[in-house]
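Below are the chains, spelled out letter by letter.
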Amino acid sequence: MEKTKVYLTLQNGKVFEGYRFGADGDVAGELVFSTGMVGYLKTLTDPAYFGQIVVQTFPMIGNYGVIESEFDSEKPYLNAYVVREYCEIPSNFRCEKTLDQYMKEAGIIGVYGVDTRELTRILREEGVMNACISSKVEDSAALSSYAVKNAVACVNTVKKTYGESGKYTVALWDFGVKNSSIDDLTANGFKVIRMPAKSTAEEILSLKADGVILSEGPGDPNENTQIIEEVKKLLGKTPVFGFGLGHQLVALATGAKVSKMKYGHRGGNQPVKSLKNERVYISSQNHGYVVEEKTLTTGTVDYINVNDGTCEGIDYPALKAFTVQFSPASMGVACESNALYNKFIAIIEKE
C-alpha cells in the first residue's frame, strides 16, 4: 500500500506524524485511548465512541481482518482510528475483507505508524483532549471549540423485538446499545422490546413489561435532560436495571452528580470489585464520565473500580433498581456473569 503522510495535531500543540489508511479526508474529534488487546471490530462499531478519535494501545491491529458477525452495531460511530501497526494482510478463515477496505467503505479515517505509547502517556498525564487528523499541521488553538454533542440522538434506533421465546419481557431503553448486550439478554432468558431514546416513561410503562433495561451509550450524560426527567417518572414503578450510560442517567435522575473523568475507562480489561462478596471481575467498559459517590442522595455503592476506586455500581432497593458502569456481558460465564441478571429476575419475581 502506498504511504501517504498525515499529521495528528493535539490540542496541547503536540504533533504526531503517521500514514493514512481507510478513508481519505480531514477530521477532528475527542482523542481517547482503548486498552483492549482483542476485539478491534467491536471497538470500531461501539456506539459509545461517537465523535471520538480512538487510539488503540495494542500495537498490531487488523491481523484477522473484518468479520461482520463480530460487529456491535450496523456501522462505526467513531470519527477516526489511530494504531501503531496496521496489518495489511490478515489471516483468518472467517475474514471477509481487510480493515482498510472496511474503513474506506464506512468513511472512517485511519492513521498508522504513530507512537501510540507516547500518545497514550500524554492522555494519561494531561487527560482527554481534542485533536485533528489532516494532511498538514493544523493550529492547535482552533481545536478547543470541538465538542461531542447530541450523541444519544445520533446513534439511536427504532423499535424492535428480540428473543420471542424469553420467559421475562423487558423494555430495553436504547441510548446506544451494543449487539452483544442484546444477545446477552436473550441468552439469559429475556424477551427484549427495544425502545428508542426519545420514548417517554408513559410509552415504556404501557408495554407492561416485567422490567426495564437502561442501556449503555455515548456522550455526556448531563446533556440528556429530557431523558433524565423521563427516568425520574419510571423509577419505583417497575424493576429497573441500568448499565453504562444507563447507570449514569439513573444517578442523575436521583439527584447525584456525574462528572468528566481525566481519561476514562475504555477497554476489555477493567477490574471491578464487588463490595458484597469481595470478588474482583474483569469487565469491558467504554465511558469518560463517572458518578460522584459523595453526591448520592439515595442508594448504596456496591461495585468500585480497583484501579482508581471510582463508583462502578449502585443498588437502589427502595426504587426497585440497580445499576452498573460496566457491561454485564463482559463478566464471563466462568465469573458468574448471570449474577446480575439473576438479581434483576429476583426483583421482577418479587414484583
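## Considering the environment of Gly163
(1) Moving on: Along the chain, Gly163 turns up in the loop between strand S10 (160–162) and strand S11 (168–173).
(2) Moving on: By relative accessible area, which is 28% here, Gly163 ends up partly exposed.
(3) Moving on: For the pair formed by Gly163 and Leu41, sequence separation is 122 residues and the distance between their alpha carbons is 24 Å.
(4) Moving on: For Gly163, the contacting residues outside a window of four places in its chain are Thr186, Phe190 and Lys191.

## What about the packing of helix H7 (residues 225–234) against helix H8 (residues 245–253)?
(1) Moving on: Contact geometry of H7 with H8 gives a least axis separation of 9 Å together with a crossing angle of 75 degrees. If you check the angle between H7 and H8, you find them roughly perpendicular. Facing H7, whose interface residues are Ile227, Ile228, Val231 and Lys232, H8 presents Leu249, Val250, Leu252 and Ala253.
(2) Moving on: Across the contact of H7 with H8, the residue classes tally to seven nonpolar, no polar and one charged.

## Things to note about a nonpolar patch on the surface
(1) Moving on: A surface patch of nonpolar side chains, amounting to about 250 Å² of accessible area, comprises Val280, Ile282 and Val306.
(2) Moving on: Structurally, the position occupied by Val306 is in the loop between strand S17 (300–305) and strand S18 (311–316).

## Let's talk about the packing of aromatic side chains
Geometrically, a pair of aromatic rings is defined through the distance of the ring centres and the angle of the planes.
(1) Moving on: Per the counting criterion, the structure on display carries 17 aromatic pairs.
(2) Moving on: Look at Tyr86 and Tyr112: their rings are 6.3 Å apart centre to centre, the planes differ by 50 degrees, and that puts the pair in the tilted class. One end of the pair, Tyr86, is in strand S7 (residues 85–86); the other, Tyr112, is in strand S8 (residues 109–112), with 26 residues separating them in the sequence.
(3) Moving on: Taking the relative accessible area as the measure of exposure, Tyr112 reaches 10% and is therefore buried.
(4) Moving on: When the centroid spacing of 6.3 Å and the interplanar angle of 50 degrees are considered together, the rings of Tyr168 and Phe190 count as tilted. Residue Tyr168 is located in strand S11, and its partner Phe190 is located in strand S12 (residues 190–195); the two are separated by 22 residues in the primary sequence.
(5) Moving on: For Tyr168, a relative accessible area of 11% translates into the label buried.
(6) Moving on: Aromatic rings pair up to connect Tyr168, Phe190, Phe241, Phe243, Phe322, Tyr341 and Phe344 into one cluster.
(7) Moving on: Positioned over the ring face of Phe16 is Lys14, at 5.8 Å from the centre of the ring.
(8) Moving on: For the cation-ring pair, Lys343 lies above Phe322, with the distance from its terminal atom to the ring centre recorded as 4.5 Å.

About the thresholds
- Residues numbered from 1 in each chain as written.
- Predicted model: local features only at pLDDT ≥ 70, side-chain atom pairs only at ≥ 80, totals over all residues.
- Heavy atoms only, no water.
- Helix = DSSP H or I, 4+ residues; strand = E, 2+ residues; numbered from the N terminus.
- Buried < 20%, exposed > 50% of the residue type's maximum accessible area, 1.4 Å probe, protein only.
- Contact = heavy atoms within 4.5 Å.
- Axes fitted to C-alpha atoms, helices over the stretch in contact; angles between N-to-C directions.
- Parallel < 35°, antiparallel > 145°, perpendicular 65-115°, else oblique.
- Nonpolar A, V, L, I, M, F, W, Y, C, P; charged D, E, K, R; others polar.
- Patch = residues over 30% accessible without salt bridge, like charges linked within 9 Å, V, L, I, M, F, W, Y side chains within 5 Å.
- Areas by Shrake-Rupley, 256 points an atom, 1.4 Å probe, with all protein chains shown as cover.
- Salt bridge = Lys/Arg side-chain N within 4 Å of Asp/Glu carboxyl O.
- Phe/Tyr/Trp six-rings, centres within 6.5 Å; stacked < 30°, edge-to-face > 60°.
- Lys NZ or Arg CZ within 6 Å of the ring centre and 35° of its normal.

So, to be careful, I would describe these as geometric facts and stop short of saying anything about function.
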